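One letter stands for each residue in the lines below.
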Amino acid sequence: MVLWCSGAHLARKLTYICLTSNQQNCTMNEPKVIAFATQKGGAGKSTISVHVASALAYVYGYKVAILDCDYPQNTVQVYRNQELQKINTDEAFKNRLLNQGITPYPVGISSVEKAVDSIEALEKQGFDFILVDTPGTINITGLPELLRMVQYIFLPMEADQGTVASTVGYMQVLGNYLKSAQPDPDESNLLGYYAFWNRFVKSEKKATYDKIEEFFQQKGLPLLQSRVELLIGYKEKRSTLFSIPQRELEKLGLGKLIMEMLSIVLGPGQTTPSGKVIELPAAASSAEAGASDDSL
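Residues numbered from 1 in each chain as written. Predicted model: local features only at pLDDT ≥ 70, side-chain atom pairs only at ≥ 80, totals over all residues. Heavy atoms only, no water.

What follows concerns the confidence of the model for the chain. Interpretation of this model should avoid reading the predicted coordinates in detail wherever pLDDT is low. Summarising the model, the chain shows a mean pLDDT of 85, and 83% of its residues fall at 70 or more. Segment residues 5–9 is flagged for pLDDT under 50; beyond a separation of four residues in sequence, or across chains, it makes nine contacts in the model. Note on residues 284–296: pLDDT is under 50 here. Beyond four places in sequence and across chains, it has 39 contacts. (pLDDT = per-residue confidence, 0-100. Contact = heavy atoms within 4.5 Å.)

Between two packed helices, the angle of one axis relative to the other and the distance separating the axes together describe the packing. For the pair helix α3 (residues 75–89) and helix α4 (residues 91–100), interaxial distance at closest approach is 6 Å and the crossing angle is 110 degrees. The angle between α3 and α4 falls in the class roughly perpendicular. Crossing of α3 against α4: the hand is left-handed. Within the contact between the two elements, α3 uses Glu83, Lys86, Ile87 and Thr89 and α4 uses Glu91, Phe93, Lys94 and Leu97. (Axes fitted to C-alpha atoms, helices over the stretch in contact; angles between N-to-C directions. Helix = DSSP H or I, 4+ residues; strand = E, 2+ residues; numbered from the N terminus. Parallel < 35°, antiparallel > 145°, perpendicular 65-115°, else oblique. Left-handed = near helix turned anticlockwise from the far one by under 90°.)

In this section: the packing of helix α2 (residues 45–58) against α3. Packing of α2 against α3 leaves a shortest axis separation of 9 Å and a crossing angle of 60 degrees. Classified by the angle between their axes, α2 and α3 sit oblique to one another. For the crossing formed where α2 meets α3, the hand is right-handed. Where α2 approaches α3, its residues Ser46, Thr47, Val50 and Tyr58 are matched on the opposing element by Thr75, Val76, Tyr79 and Arg80. Per-class residue counts for the contact of α2 with α3 are four nonpolar, three polar and one charged. (Nonpolar A, V, L, I, M, F, W, Y, C, P; charged D, E, K, R; others polar.)

Per the stated rule, a full pass over the model turns up seven salt bridges. The salt bridge partner of Arg199 is Glu158, with a shortest N-O separation of 2.6 Å. One end of the pair, Arg199, is in strand β7 (residues 192–200); the other, Glu158, is in the loop between β6 (152–157) and α7 (161–174), with 41 residues separating them in the sequence. A relative accessible area of 18% means that Arg199 is categorised as buried. (Salt bridge = Lys/Arg side-chain N within 4 Å of Asp/Glu carboxyl O. Buried < 20%, exposed > 50% of the residue type's maximum accessible area, 1.4 Å probe, protein only.)

Our next topic: helix α5 (residues 115–123). Those residues of α5 lying buried are Ala115, Val116, Ser118, Ile119 and Leu122. Down the axis of α5, the sector holding all buried residues measures 160 degrees, keeping them to one side. (Arc of directions from axis to C-beta.)

Okay, the environment of Met259 next. In this fold, Met259 is placed in helix α11 (residues 254–265). Here Met259 falls in the buried class, since its relative accessible area comes to 7%. Sequence spacing of Met259 and Glu279 is 20 residues, and the spatial spacing of their C-alpha atoms is 6.3 Å. Those residues within four positions of Met259 in sequence are excluded, and the remaining contacts are Tyr60, Lys276, Val277, Ile278, Glu279 and Pro281.

Let us look at the packing of aromatic side chains. Overall, the coordinates contain eight aromatic pairs when judged by the stated rule. Relative to Phe129, the ring of Tyr62 has its centre 5.0 Å away and its plane inclined at 90 degrees; by these criteria the two rings are edge-to-face. In this pair, Tyr62 is assigned in the loop between α2 and β3 (64–68) and Phe129 in strand β5 (residues 129–133), connecting sequence segments 67 residues apart. In this structure Tyr62 comes out as buried when scored by relative accessible area, which is 2%. Ring geometry for Phe215 against Phe216: centres 6.4 Å apart, planes inclined by 75 degrees, an arrangement best described as edge-to-face. On the accessibility criterion, Phe216 (1% relative accessible area) is buried. Within the aromatic cluster, the residues linked to one another by ring pairs are Phe36, Phe154 and Tyr194. Positioned above the aromatic ring of Tyr105, the side-chain terminus of Arg80 is 5.3 Å from the ring centre. One cation-aromatic arrangement involves Arg227 over Tyr209; the distance from NZ or CZ to the ring centre is 5.6 Å. (Phe/Tyr/Trp six-rings, centres within 6.5 Å; stacked < 30°, edge-to-face > 60°. Lys NZ or Arg CZ within 6 Å of the ring centre and 35° of its normal.)

In this section: the environment of Glu229. Summarising the element assignment, Glu229 is placed in strand β8 (residues 223–229). Expressed as a C-alpha distance, the spacing of Glu229 and Phe200, which sit 29 residues apart in the sequence, is 4.3 Å.

And the structure:
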């Protein structure tokens, strides 16, 4: 069963508000399906999913949908429901949504077993990006089919031994699902997978990060240059209805992460619906090496 908090559903909850969309009608030929995945709970996967989705929709102007497959937590859906409740009790919050003038992106719930059907349904609805929040384990029925359905997988990682080990193990599994690894390329859509530093702590010894990055390079595992920093705004300002301002996106490292992701998925030089040129962040070119099939 798939439950949706779509634009229409949201409108029913906000019958006293008239939302007008200023998103530009600039859709891509086909939606890009992106998943955030970890094999370890508490790595910030759902939070980063929301930050990226909200920036893509409310800052860069893309048509976005989130599919929450992280049962039973369904954390993204919990965030959305909390914000819907806040609209009914906080006049300033409600007016902020009205003044933004952008229809909130839909948040859907799906079991992993039904995720492929859910994604296929979304692909027919004109979205530019479909972001999938996956379960925090690989031992679940239906996950192999889901991994073959998405095109890109991004894995948030922190600099502790457990998280690094689980990320490496997950990436080694993902190698089996790459499109290029299939006898029949039509059996998988997966073009690439990439780890990135999440909740990066500047006070950590540089040698710790350098050692891990060297290990990834030796193993041929792609690690993005972007580092999402652990600052106050990272968790406190996550929202499915608003993006944090561009300046804060850059301060947190989220702006660089999104540009690096867009460079991989769409290619440098493309222009977002909001008019921003996609540029590969400085010193990030090495991130495209390794286990990827990016020939878009």
